[in-house]
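Take a look at the letters that make up each chain.
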Amino acid sequence: MIRRSLLFCAISATIGLNAVGALTTAQADDTIGGEINVLSWGNYIDFAIPGFEKKYGVKVNIDYYGDEQEAMNKIRAAGLGTHDIVFLGAGFEDVALKQNMLAALDIARVPSFADVFPKLKKAKADGKYYCATYSFGLNGLIAYDPAKTGGPITSWADVYSAKYKDRIGKIDKSNEQIWRTALSLGYTYGPLTDDQWKAVETKLTENTKEVRTIYAHNDEMAQLLANGEIWIGDSDDGSYRQAIAKGLKIALAYPTEGMTAWYDGPCIIAQAPHEAAAYAFVNYMLSPEVQAQLPKQLGYAPANAKAIDILDAKTKADMGIDELVKNMDKIQFQYNLGADFDKRAIEVWERAKAAAAH
């Protein structure tokens, strides 16, 4: 899975005192008391903790981890009945479920869940929810300079039409390249058949022959667009926002063929020792007030639709919220397809680069 990085971008780095105050001056009329033990990424939810503690009278103990595997190792090492909440990304809740680490959410106890965008509500095969989406981000997007392209780009068919040959940049990430190509062929995110793999490799090789340069990360993409070496580049939503925050005059396309995305959110751990506090915590993290802070704190769009009404006009414009909402149905969420898939993706991408002499 292509994981998100925390985006303390220029448009969101400054924490407004009024915004923080709104989260920390909640009336303590829902007091639960006690404490709650949370496993989370560093600096991912910290801004919201003071408001939660004041509102519910609950002390939050955060145990930070570097990745989801470390989080699950911590749960196993401590034993069930120790931690209350763990934040897990797309696919990793499936791993935790197989190991009986998670409790199904009682949605009636999470009123804010009703306002989460329907596309971001991820029920499992049993019809139950085990994680609530707190944040999400998009991959497989197209950043371009409209002054150079002479008009809008809307699809991968536009990009690889030969019209922009030698003015295109690709990112050097095998899984991204497989899925940008697979979606352009009409495939659905998931395991690929041998015939689909062959079609992806053929198309990816053809596309790569039109590429001017391959870059290691999206900071390079922004620089290449800025100096005019490329007119079109692979991007994700966070990297695009970082680029425009630096003054780059570029546009973002949500490809008509679809795009991939990650999601991440709180799950209640089986045998959580502080269940009432755990449910209050999940509901608080999904609330419009907290969700409306995500653009400023992390550079992410809200998962709660009602949070959008709270955003100021500039933030909505900088985040491209209206376009994002309009294109929400194109999202295909990523999950872990296994080591064999990842290995084959690397092999296909390396052969495509070699065939195109990159």
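Caption draft 1: Here's a closer look at the side chain of Asn283. Following the sequence through the fold, Asn283 ends up in helix α11 (residues 275–285). Since its relative accessible area comes to 15%, Asn283 is described here as buried. Dropping the residues within four chain positions of it, Asn283 is found in contact with Arg109, Val110, Pro111 and Ser112.

Caption draft 2: Just the pattern of salt bridges, in detail. Here the structure, examined in full by the defined rule, presents 19 salt bridges. Among the salt bridges present, the one from Asp145 reaches Lys148, with a minimum N-O distance of 3.5 Å. Taken together, the salt bridges that share partners define one network made up of Glu93, Asp94 and Lys124.

Caption draft 3: Expanded view of unusual backbone geometry. Despite not being glycine, Ala162 has its phi angle at roughly 80 degrees, a positive value. Along the chain, Ala162 turns up in the loop between α6 (156–159) and β6 (168–171).

Caption draft 4: Structural view of helix α16 (residues 339–355). Counted at 1.5 Å a residue, the expected span for α16 with its 17 residues is 24 Å, and the 24 Å between its end C-alpha atoms agrees. Listed as buried for α16 are Phe341, Ala345, Val348, Trp349, Ala352 and Lys353. Down the axis of α16, the sector holding all buried residues measures 135 degrees, keeping them to one side. Residues of α16 that are exposed and point over 90 degrees away from its buried face: Ala339, Asp340 and Ala354. A positive backbone phi angle near 65 degrees is found at Ala357, which sits one or two residues after α16.

Caption draft 5: Layout of the confidence of the model for the protein. Looking at the protein, pLDDT values average 91 and 92% of them are 70 or higher. Below a pLDDT of 50 lies the segment residues 1–22, which in the model reaches 52 contacts outside its immediate sequence neighbourhood of four places, other chains included. A low-confidence stretch, residues 24–28 stays under pLDDT 50, and its non-local contacts, those more than four residues away or across chains, total nine contacts.

Caption draft 6: Representation of the sheet that holds strand β9 (residues 251–253) in the model. Pairing is mixed across the open sheet formed by five strands, whose spatial order is β7-β6-β8-β5-β9. Of all strands in the sheet, those with a lone pairing partner are β7 (211–215) and β9, marking the two edges. Each strand of the sheet is rotated relative to its neighbour by a mean of 30 degrees, with strand direction disregarded. Across three bridges, the pairing between strand β5 (residues 141–144) and β9 is antiparallel. Of the residues in β9, the one forming a bridge with Ala143 is Leu252.

Cut-offs and rules
- Residues numbered from 1 in each chain as written.
- Predicted model: local features only at pLDDT ≥ 70, side-chain atom pairs only at ≥ 80, totals over all residues.
- Heavy atoms only, no water.
- Helix = DSSP H or I, 4+ residues; strand = E, 2+ residues; numbered from the N terminus.
- Buried < 20%, exposed > 50% of the residue type's maximum accessible area, 1.4 Å probe, protein only.
- Contact = heavy atoms within 4.5 Å.
- Salt bridge = Lys/Arg side-chain N within 4 Å of Asp/Glu carboxyl O.
- Expected span 1.5 Å × (residues − 1).
- Arc of directions from axis to C-beta.
- pLDDT = per-residue confidence, 0-100.
- Pairing = 2+ DSSP bridges.
- Axes fitted to C-alpha atoms, helices over the stretch in contact; angles between N-to-C directions.

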